[in-house]
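# Report on the structure
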Amino acid sequence: MKERSDKSVEKAAVDRRSFLSVALGTCAITPLAPLSLQLATSLAGSLTKEQRDSMTPSQVIDELKKGNERFRAGKMAPRDYLAEKRASAAGQYPAAVILGCVDSRVPAEIIFDAGIGDTFNGRVAGNVVNDDLLGSMEFACAVSGAKLVLVLGHTACGAIKGAIDDVVLGNLTGLLARIKPAIPETKFEGEKSSKNPAYVDAVARTNVKLAIENIRRRSSVLADLEKKGSIQTTGAMYNLANGMVDFVS
Ligand SMILES: [Zn+2]
């Protein structure tokens, strides 16, 4: 057994080296666009520590934007999940931590065309912040080295509708209470009802903004990293209808 696992580790190391040499080779040929390949070229593995550490937070945002463009165009990067699994088994170096909604239509890795080992993902209805998620984000950035905290809301969110409608149901009641502060904070002209998609989406945007403020206020660990420029905290809205992710910054 031991011999076999040693061999697997060896193979993962070889996979990583070959990925790096491919990446470096590409770098030499097209020095202006090496980063565009970092989240996309997964045929030979996942992000390496060197690749992730060489990126700035705004470059990570750019890679996510490019991944979303590939997704929308139906031109997702060719991907070998087994190679990514092998390459990341001995260690992970994700570039971002994404706080998204549990909604089945908003799988972050797919809409950003990212692979195994590329992003940390926390999902909870209404993409709200709580202590455990803050701890997870602190782990992602302060311990593991991710460069970006992204709060990802989406259109037509059922949790937002539930908060607007004041739904009372078991443990959901407490979760919706975390969304409710976004309702009075939302400036909106028109029908303020869960039946009005524009209003629901306006509240969802406010909810993303408040989540970002919460993260900065409640996590001194993340706030300090952001002040130093090591990470960036930002938000985005995913449009269920057209597949577009609209970043707030
Ligand atoms: Zn949702």
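Rules used in this analysis
- Residues numbered from 1 in each chain as written.
- Predicted model: local features only at pLDDT ≥ 70, side-chain atom pairs only at ≥ 80, totals over all residues.
- Heavy atoms only, no water.
- Phe/Tyr/Trp six-rings, centres within 6.5 Å; stacked < 30°, edge-to-face > 60°.
- Helix = DSSP H or I, 4+ residues; strand = E, 2+ residues; numbered from the N terminus.
- Buried < 20%, exposed > 50% of the residue type's maximum accessible area, 1.4 Å probe, protein only.
- Salt bridge = Lys/Arg side-chain N within 4 Å of Asp/Glu carboxyl O.
- Core = buried A, V, L, I, M, F, W, Y, C linked by side-chain atoms within 4.5 Å.
- Pairing = 2+ DSSP bridges.
- Axes fitted to C-alpha atoms, helices over the stretch in contact; angles between N-to-C directions.
- Contact = heavy atoms within 4.5 Å.
- Patch = residues over 30% accessible without salt bridge, like charges linked within 9 Å, V, L, I, M, F, W, Y side chains within 5 Å.
- Areas by Shrake-Rupley, 256 points an atom, 1.4 Å probe, with all protein chains shown as cover.
- pLDDT = per-residue confidence, 0-100.
- 1 Å grid on protein atoms, 1.4 Å probe; cavity = no way out; pocket = protein on both sides within 12 Å on 5 of 7 lines; lining within 4 Å.
- Points joined across faces, edges and corners; volume = space filled by probe spheres on them.
- Nonpolar A, V, L, I, M, F, W, Y, C, P; charged D, E, K, R; others polar.

### Quick look at the packing of aromatic side chains
Within the structure shown, the criterion is met by 3 aromatic pairs. Here the aromatic rings of Phe112 and Phe247 are separated by 6.3 Å at their centres, their planes lie at 50°, and the arrangement is tilted. Taken together, the positions of Phe112 in the loop between helix 5 (108-111) and strand 2 (119-123) and Phe247 in strand 5 (residues 245-247) put the pair 135 residues apart, joining distant regions of the chain. Phe247 carries the same exposure label as Phe112, and that label is buried.

### Quick look at the pattern of salt bridges
Inspection of every chain in the model, using the stated rule, returns 12 salt bridges. Here Glu63 ties to Lys66 by a salt bridge, and the two come within 3.4 Å at their closest N and O atoms. With a gap of 3 residues between them, Glu63 and Lys66 both fall in helix 3 (residues 57-73), about one helical turn apart. Under the relative-accessibility criterion, Glu63 is labelled buried at 1%. We classify Lys66 as partly exposed; its relative accessible area is 31%. Ionic pairing is found between Arg218 and Asp131, a salt bridge with its closest N-O pair at 2.9 Å. Within this pair, whereas Arg218 is found in helix 10 (residues 197-218), its partner Asp131 is found in helix 6 (residues 131-143), the two being separated by 87 residues in sequence.

### What about the nonpolar core?
Counting residues in each nonpolar core, the largest one holds 39 residues, and the members touching the most others are Met137, Cys141, Val149, Ile160, Ile215 and Leu222. For this core, the secondary-structure elements that each account for two or more residues are strand 1 (96-100), helix 6, strand 3 (148-154), helix 7 (158-164), helix 8 (172-179), helix 10 and helix 11 (220-227). Counting residues in hydrophobic clusters, the runner-up holds 19 residues, among them Leu47, Met55, Ile61 and Ala95.

### Some details on unusual backbone geometry
We note that Asp113 has phi near 50°; this positive angle belongs to a residue other than glycine. Along the chain, Asp113 falls in the loop between helix 5 and strand 2. Here the phi dihedral of Asp166 falls at roughly 60°; this positive angle occurs in a residue that is not glycine. Within the secondary structure layout, Asp166 lies in the loop between helix 7 and helix 8.

### Regarding the sheet that holds strand 1
Read across the open sheet, the 5 strands follow the order 2-1-3-4-5; overall the sheet is mixed. Two strands bound the open sheet, and with one partner strand each, they are strand 2 and strand 5. Pairwise comparison of adjacent strand axes, ignoring direction, gives a mean angle of 25° for this sheet. Packed onto the sheet, helix 6 meets strand 1, strand 2 and strand 3 and runs at close to 160° relative to strand 1.

### Focus on a nonpolar patch on the surface
Taken together, the side chains of Val167, Leu169 and Leu172 present a nonpolar region at the surface, about 220 Å² in accessible area. Structurally, the position occupied by Leu172 is in helix 8.

### Notes on the confidence of the model for the chain
A residue-level look at the chain finds 82% of positions with pLDDT of 70 or above and a mean pLDDT of 86. Low pLDDT, under 50, characterises residues 1-38; the stretch is placed with 33 contacts to residues that sit more than four places away or in other chains.

### A look at the environment of Phe120
Its location among the elements puts Phe120 in strand 2. The spatial distance from the C-alpha of Phe120 to the C-alpha of Ser144 is 10.0 Å, given a sequence separation of 24 residues. With residues near it in sequence (within four places) discarded, Phe120 still touches Gln92, Pro94, Ala96, Val97, Ile98, Phe139, Ala140, Ser144 and Ala146.

### Side note on empty space enclosed by the protein
The tally for this structure, following the rule as stated, stands at 1 cavity of 30 Å³ or more. When its volume is computed, the largest cavity comes out at roughly 40 Å³. Among the secondary structure elements, those contributing two or more residues to the lining of the largest cavity are strand 1 and strand 2. Residue classes in the lining of the largest cavity are distributed as 6 nonpolar, 3 polar and 1 charged.

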